Every structure is written in structure tokens, then in C-alpha cells.
Amino acid sequence: MTHGRHFLRSLVAREILENFLSARFVIMSLVSVALIVTTIFVLTASYEGEHRDYLGRVRQQDQFIDQFGHHNRLGWMSRQMRPPSHLQVLVLGIDRESQQENFISNPVAALLSRLDFSVIVTIIFSLMAMLFSYDAISGEREAGTLRLLLASGASRHSIVLGKFLGGLAGVLIPPSIAALAGFLVIALSPAVQLTAQDFVVFGVLLFGSWLYIAVFVALGILFSARSRTSGQSILKSLFVWVVLVLVIPNISPFLAAELYSIPSAAKIEQETFLITDRERDEILRKRWKEMVSTKYADLNQIIALGRPEIEARLAKDASLRSRYDAYSREYEDLVKQVNLEQRKKAEKVSETFQERSKRQEQLAKTLTSLSPSANFAFVATDLTETGIEAVDHWARQAGEYNRDMWRYAETRYTQEKEKNPAFDWNDYLDLRARPRFEYRPSGVGDRIAATAPNFGVLFLFGFVFLAGALASFQRYDVR
Amino acid sequence: MITIWRKEIQENITTYRFFVLTGLLFVLVVVSLIVSYGDYQLRMENYNVLRPQGSEAQKIILQPQPLSIFAKGLDANLGRLYTLSALGVEVHSSQQSINRLFSLFTVPDMLFVIKVLLAFIAILFSFDAISGEKEMGTLKLMLASGAKRAEIVAGKLFGRFTLVFVPFALLFLATAILVSLLPDVSASPEYWAGIGLIGGASAVYVLLWTATGMFASALVHRSAVAMVLGLGIWTLFVFVVPNLGVTVAQSISDVPPGDRVEMESRLTAIQSIYETLQRVKVTHEERDFARIMTQIHEANSHLFEQYAPRLNKLVGLTRGIVRLSPAGALGLFVTEVAHTGLSEDQRLKSAVWLYIDRNFKRLGGLEKGPVDQFRLEPMPIADILGGSTLADTIVLILFCAGFIGLATWRSLTYDPR
């Protein structure tokens, strides 16, 4: 046992030394640092502009509500905006602009992807990991040193483990140096205010990158132990790399859309719009007619008049005014009631649709988890609050805020109406003391917990590939 | 040269590498076709459900283009439903905005296969062209047999190019014929012209990457190092330059996001309605909806006219930076040819805005009479070739010539010992 450990230790030391002294290690370190530092630098500048614009928009909308606030168009004027996550300097995740929700959205965002730390790790570092490990076994065989290693008493599994651990050290150091340099750029930038939580996020993200890179080192060794020559090994490794990194994650959302089809989103939007607009107007007209004919038949003639004439008639007759006020109040209640009913009906239609969309999204997520790169992408986006979870988290808070705001506006409206019965929905409503929307990102603990399944899958991939390499090497012909 | 070309093909066609890489290409093309056609069918269904029935002039939706099966580009955007009113344009969700995983990953269409994977395969086919012969000791023998260096380089370059491009061209042609026979696809002469142009651009692109692989091969003396170098250049031009270029362009141009313009337009509309209603209350005059609508329309026009040139400038700058990479230039070229590129998006938006401007009174019910139907035919191929694709073509050819030049220069001075 001690003998085995000794061999393993010396094998790992030899691998590390060989790697550190190789030209590819030096090149990889320089390339990694240059790439990550440049990317983070560019993304920091981009975030600064985006953040400034976000603050400007919030301020402008706030000032508008202060100046022109009124009950009738409150939902239209008070729209909550998702703040850019300061950690998007590391991971861009779901880009707001790429959703193209506006007529004048920048189309580039929907056509071309952008480079960030996560893309560098998923594509470039995984490729580097394979290039470091594809000749681990087959290369030693070709050089004739594999037989010497075995003859010196090293066990087969210690050779594989030694290659894995030694190779890992060589492959992990350049990205780690680069990531630290990148983080230093962020820490020194005045545009990004880092908190203690961000350091935890960074640590976990770095650990996730190590785990992801380790999966590809294990994969390279697996194919190396299943090939006679390094030429064959690299081809097999790159074949699987293409499938795992470039094919599975990209085809999964499309496959999910075909396997679990959902109706057109625009059709549902139209349907809900009809419910809360045209259908609402029809119902309202019908009930209003009923209301007038059963309770306010005496006002039939007055109601038919234009607003200036009504005002003139009411000014002359006090009893008519009180009767008309009673009618106005009941009409307002009716509008509220119909609005509420139709809104509920529309909400039900969109909720059903949302549930089905969620199911499609979940299916796509399950399919993509067959690829280590997708799992890493979920880890990276969820940790940095730039992924699907963050968008949902924000949407929940914005929804809660809108309800609070709605309640507040209702209370304020009632207060004004009590003071002045002539006050209506289009009159200025002082909302300056309203609650303000402040987005609270989810806690680091929750974010880490959310990524646990993805970490689990990454571990599993690494374990399976390494176990495969150990098993394959047991039957490897070293001649 | 012909002898070396033939020898290259004969030697490589039976190798494990040819089998694996061509197999990979076959799998990718088939998967891409299945996925892209399925997606096209969904977009078609969406279009058929949402397209204006009869005289619904306020609805605009473009039909998906058959070539979008090969290069999806901005098709999800171009195929959105726009609802027009005197207040402006409402953009409805695209079919893919529901599943947000689409925004996290790339579209695996034929363009992706060509841009990323065909380039990758070309590198893996050519990285050992010179260094491999040197390692085996056959380079000296070739030179001793009287073959000229330039002939060796040309023979090897075109030999390896043939090995990558011919299987791809056959697969691509088979795919194009299959797609033309599928239901929902109308294969017009424009379709075949587009296929021809995409095929031509792919040929230049594959030649370019084969030359890059050969350049890497002639730069060093070990094939393993040449492969790392070749894949390094591939990573730089396929992922780093175009993807970083987008952010760089955004940072330089400092154009605010669409959200800001949307907010300004929304708040202007609310203010206009609010102020009119308040004035009516005081003056007791009738509510003048025509005035409100005209005010809102004028404000929106002002915003659009101010913002559109800035956005177009940003798009132009992004194009310029992205073109610093052949993969970027190819992506721009192919999407333009497939009618799913940036120009088509700009064209649609300008056309929609002009249409609103022309019909604003009738759309808003301020004037009686029928509104003419919105029409926008895809840009003719001749116009596409005269537009921004000319620059993309020049860039691709320059990159190709540059890498062939580099590969030749290094090979001519290569030490075969």
C-alpha cells in the first residue's frame, strides 16, 4: 500500500514537473490570462454603461410618476426593470436585449453571442484540457516509456490516477491564475462594488470550473487508454468533445420544443388581450345597460349627453347631482368588478400557458444535462444571478411589488375620492410616498443550493470517465 | 501537382481520421437538418395561426424563409407578430421567448455546422500536412524525387481541401434537395441561388481553414504542436474575435438599449393623454382623440428617427469588428443570403415605420377608408450581393488568400530535416 502510494506520489510529481516545463503550459497560461483579463475588462466597461442607463431609466420613470401619476394608466407608467447583475462581468447569462421585446431592440444581440468567462471555460479550457490529456497513455506507449513504468513496479491504476492528478494540476493552474487576475480587474474597477458574498460566489464558480475541466482531463485519459496511437486518441476525444460541448446543449431546446409542443405565445397574448379588452368592453356595456334600465332609468337622457352639458345640468340641480353621483359610484364599482373578473379569466389562460412553457423548459433542461458544458453553464449563470432562476426570482419580486403598488394606489385613490367626490381616475394622484421597487438578489446559500444538482452531474461525469479510464487501462496492451 | 493531389486523397481517404471526421460531419448535418426543419415547421405553424386574415391591416407578420432552415439568423425576430396602432408598434413574443434556454445556447443550424465544425474538421485534416511528412521522413524523399515545393504545397492544400469539402458539398447538396422536396418549402430560383452562394462561401471558408492548418503545420516541426496551434487560431477566430467584438462595439458606440426608447415612447404617450384629459376638464371642450394620437405619433416618429440612425451605426460598427474574423464574415454573409440577416431586420423595421407613417390616420380611425396591405418581399439576391455582403465576400477572400500566402511562404522555407 505504502509502496503504491509512493509510486502514485512520484508519478504525480513527474507529471506536474513535465507539464510545468512544457511549452504548452507557458502558452496556455499566457493565453488564459490575456483572454480572461481582456474579456472581463471589456465586459466591465459594458456593465458600467448598462448600469448607468438602468439607473437613469428608473429615475426618469420615478420622476414621471411623481409628476403625472394618475390611477387610470398606472400599470402602463409603472413598469419594473430588471437591474443588470454586477456579476455579469463574469457571466452574461440571459441577455435582456437578446429577448428583442421592443420594436427598436438591437438585433445584433439576437444574432451573435458574446464572450464571457463561462464561454471561455466551457469551450476553450475544456479543449485545452483535452489537448493536455489525449496522449497521456497512448503517448507513453508510443514513446516506449509505458513498459518501463510498469516494469518499475507502478500499478496500472496508479499510472492512470497519477496521469489524472498530475495532468489536472497542469491544466488547472493557468485558468486559475487567469481567473484570479480577472477577479482582480473586477475588484479594482470602480464600476463594480464587490461584497463579501461575491467572493464566495467567485470561489464556488472557480471550483465549478475546476470540476468541469477535470471532466475533460478524465475524458482525454479515457480515450488515450482506449487507443493505440495518440492520433486515434485525439480524434476520438475531439469527436466526443464536439458532441458534449457543441451539439447536445444546442439541440436540446429545439428537441424539447418538438417533443413537447405548446401553442404560440403570440396567440395566447392575443387571447388574453381580447379577454381584458374587447370582451371586457362588451360585458361592461351589457351590464351597464342592465344597471341603467333597472336602477337609473330616470337618468337615461342625462347620460346620453356630452360631458360639458352634463356638468351644466348638474350645476343647476342639486338633487340631480346627488342622483348622478350615486350612479357614477355604482358605475365605477361595476367597472372595477368587470375588470377584476376579466383579469382573473385572462390570468388563468396565461397561467396554464406558463405552466406548459415551464414544462417545456424543464424538458430542455433535462436533455441538456446530458452535457457537462450545459451543467457548467447552469452553475455559472445561477451563481452569478444571470440565469433562468434569477429572471424568475426578479419576476416574482416585481409581481409582489406591483400588487403592493396597486393596493397603495387604490388606498390613495379612495382617500382623494373621499376628500373630493368629483375626483376621477384621470386626475393627478400624489404617489410620491409610494413604496419603491428594490430588487433583492437571492442569497448565496440559495444560489449554491440551486446549483447542487448540476455539481452532482459534473461529479458523475468525471467519475464515470475516470472509472472508464481505469477499467480500460487494465486491459491495455502496453507493447 | 495533380500527382501529389491524387496521392493525398488516396492516402487519406482510407484512414481512420477520414472515417471519424466524415462520420462526425454526417451526424452533425443530419441532426442539424432534423432540428432546423422541425423548428421551421413550428415557425410556419405560428405564422399560419397569426397571419392577418382578410383586412386586418394592423397586423404584420413575415413568412419564414426556406433558407432559414440553413441559417436561422434573426428569423425568430423577423417572424414576430407586430400589432400596429396610432400609439406605435406592439412587438409580440416570438415562439422562442418562452423557453429561455434558447437564449443560453446557440442555434445548431447548417451555418453553425459550417462556421464552427467544418472549420474545426478542416484544421484536423491539415495540421500534419507538412510536419507529419517531416516526422515520417517522407518530406525529404518527396523533395529528393524532384517535386517542386510550390507543387507540394498546392497539391497538399487542394488534396486536403478536397477531402473535407467534397463530402460536405455532397451532404449539403443532398440536404438542399431534400429540403426543397419537403412540405411547407417552396424552392424558387432564389432558393437555389442562395444554396449556390452558401455553397460557394463554404468552399472559400474550408480552403481558408485548410490553409490555416497547413500554415500551422509549416510553422513548427511537430504535428502535435501544429494541431494545438491550429486549434488555437480556430478558437481565436471562431469564438474570441466575433463574440468579444459584439461587446466592444456596444461599449464604443454607447447607444442606449431599446428598453430606454420604449420607456420614453410609453411615457410620452401617457403624458399626452393625461394632459389632454386635464385640459378638457378645465375647458369643458370635447375630448380630442385625434390630437392625442397625432401628438403621440409625432413624438414616436421623433424618437424613431433619432434612434434608428444611431442603432444602424452600431450595427455597422459591430459588422466591421465582427468581420475581423472569417467566421464572423461568413456568418454575416450566409444570414444575409438566407434573408435572416441584419439588413433584413433593418429593412423590415424601416418598412413597418414607413407604413405606420403613411397609414397612421386610418390605423387610428381618424380618417375613413381602407388601409393598404403591408407588403415586404425578401430582398432580391442581386441587391443582397451589392450590399454589405460585398464586404464580407472581400474579407473572406482576403483571409483565404492571406492564409494560403502564409502557408506557402512557410512551406517554401521549411526545413525538411
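Residues numbered from 1 in each chain as written. Chains lettered and ligands numbered in written order. Predicted model: local features only at pLDDT ≥ 70, side-chain atom pairs only at ≥ 80, totals over all residues.

**Some points on the overall build of chain A**
So the rule is basically this: Each helix corresponds to a stretch of at least 4 residues labelled H or I by DSSP, and each strand to a stretch of at least 2 residues labelled E; elements are numbered beginning at the N terminus. Only C-alpha atoms enter the radius of gyration, while the globule expectation follows 2.2 Å times N to the 0.38, with N the number of residues. Three classes are used. A residue is buried when 20 or more other C-beta atoms lie within 10 Å of its own, exposed when 12 or fewer do, and partly exposed in between, with C-beta atoms placed from the backbone. With C-beta atoms placed from the backbone, a contact is any residue pair whose C-beta atoms sit within 7 Å.
Helices and strands together make up the secondary structure of chain A, namely 18 helices and zero strands. Compactness check: chain A gives a C-alpha radius of gyration of 32 Å against a globular reference of 23 Å for 479 residues, more than 25% above the reference. Sorting the 479 residues of chain A into buried and exposed places 41% on the buried side. Within chain A, contacts between residues separated by at least 24 positions form 88% of all contacts whose residues are at least 6 apart in sequence.

**Structural notes on the overall build of chain B**
Across its full length, chain B holds 16 helices and three strands. When its C-alpha atoms are laid out on the principal axes, chain B stretches across 105 × 45 × 35 Å. Taken across its 417 residues, chain B has 52% of its residues classed as buried. Intrachain contacts of chain B at a sequence separation of at least 6 include 82% that bridge at least 24 residues.

**What about the sheet that holds strand β1 (residues 59-60) of chain B?**
Residue and element names in this part refer to chain B. Condition: In this analysis, strands are considered paired if DSSP registers two or more bridges between them. Throughout, an axis means a line fitted to C-alpha atoms (over the contacting stretch in the case of helices), and angles, computed between N-to-C directions, take values from 0 to 180 degrees.
The antiparallel open sheet is built from three strands, whose spatial order is β1-β2-β3. If you trace the sheet from one side to the other, it starts and ends with β1 and β3 (88-91), each paired once. Note: β1 against strand β2 (residues 82-85), two bridges, orientation antiparallel. Bridge pairing links isoleucine 60 to tyrosine 82 in β2. Strands β1, β2 and β3 of the sheet are contacted by helix α14 (residues 342-363), whose axis makes an angle of about 45° with β2.

**Thoughts on the interface of chain B and chain A**
This is how it is decided: Just so you know the grouping, Ala, Val, Leu, Ile, Met, Phe, Trp, Tyr, Cys and Pro go in nonpolar, Asp, Glu, Lys and Arg go in charged, and all remaining residues, Gly too, go in polar.
On the side of chain A, 80 residues touch chain B, which itself brings 78 residues to the contact. Among the secondary structure elements, those contributing two or more residues to the side of chain B that touches chain A are α2 (16-50), β3, α4 (101-104), α5 (110-126), α10 (223-253), α11 (258-283), α12 (289-322) and α14 of chain B. Of the residues assigned to the side of chain B that touches chain A, the class counts are 46 nonpolar, 21 polar and eleven charged.

**Structural notes on unusual backbone geometry**
With a phi close to 60°, glutamate 385 of chain A is a non-glycine residue in the positive phi region. Turning to its location among the elements, glutamate 385 of chain A is positioned in the loop between α16 (372-383) and α17 (388-419). Residue glutamate 385 of chain A is classed as buried on the basis of its 25 C-beta neighbours within 10 Å. Phi at aspartate 184 of chain B takes a positive value of approximately 80°, unusual for a residue other than glycine.

**Some words on α12 of chain B**
Note the following rule: Expected span of a helix: the number of residues minus one, times 1.5 Å.
Between the first and last C-alpha of α12 of chain B there are 47 Å, a value that for 34 residues agrees with the 50 Å anticipated at 1.5 Å per step. Those residues of α12 of chain B that are buried are in contact with α4 (108-111) of chain A together with β3, α10, α11, α13 (326-337) and α14 of chain B.

**Brief notes about the environment of threonine 393 of chain B**
Within the secondary structure layout, threonine 393 of chain B lies in helix α16 (residues 389-412). For the pair threonine 393 of chain B and proline 189 of chain B, spaced 204 residues apart in the sequence, the C-alpha separation amounts to 22 Å.

**Brief notes about the packing of helix α9 (residues 196-224) of chain A against α16 of chain A**
Two quantities define a packed helix pair, namely the angle between the axes and the distance from one axis to the other. All names here are of chain A. Operational definition: Orientation categories follow fixed angle ranges, with anything under 35 degrees roughly parallel, anything over 145 roughly antiparallel, 65 to 115 roughly perpendicular, and all other angles oblique.
Where α9 contacts α16, the axes come no closer than 10 Å and their chain directions differ by 175°. What the angle tells us is that α9 and α16 run roughly antiparallel. Residues Val201, Val204, Leu205, Gly208, Tyr212 and Val215 of α9 form the contact with α16, whose participating residues are Pro372, Phe376, Val379, Ala380 and Leu383. Looking at the contact of α9 with α16 residue by residue, the classes come out as ten nonpolar, one polar and no charged.

**As for the pairing of β2 of chain B**
Residue and element names in this part refer to chain B. Side chains Tyr82 and Leu84 of β2 all project onto a buried face; the interleaved residues Thr83 and Ser85 project onto a face where none is buried. Bridge count between β2 and β3: four bridges; the pairing is antiparallel. Counted as the bridge partner of threonine 83 is glutamate 90 from β3. Where β2 folds back on β3, the antiparallel hairpin that results is connected by two residues.

**Quick look at the confidence of the model for chain B**
All names here are of chain B. Condition: Think of pLDDT as the predictor's per-residue confidence, scored from 0 to 100.
Summarising the model, chain B shows a mean pLDDT of 87, and 98% of its residues fall at 70 or more. Within chain B, α13 carries the highest mean pLDDT (96), whereas helix α7 (residues 138-144) carries the lowest (73). Scoring of the predicted complex yields 0.87 for pTM and 0.88 for ipTM.

**Some details on the nonpolar core**
Under the convention used in this document: For our purposes the nonpolar core covers buried Ala, Val, Leu, Ile, Met, Phe, Trp, Tyr and Cys residues that link as a set through C-beta atoms within 7 Å.
If you look at the biggest cluster of nonpolar residues, it comprises 238 residues, and the most contacted ones within it are Val217, Ala218 and Ile221 of chain A together with Ala119 and Ala211 of chain B. A total of 16 residues in this core trace back to one element, the largest contributor, which is α10 of chain B. Other than its neighbours up to four places away in sequence, alanine 119 of chain B contacts Tyr205, Trp209, Trp234, Val238 and Ala327 of chain B.

**Side note on the confidence of the model for chain A**
When pLDDT is averaged along chain A, the result is 89; 98% of the residues meet or exceed 70. When mean pLDDT is taken per element in chain A, α9 of chain A scores highest with 95 and helix α1 (residues 2-21) of chain A scores lowest with 75.

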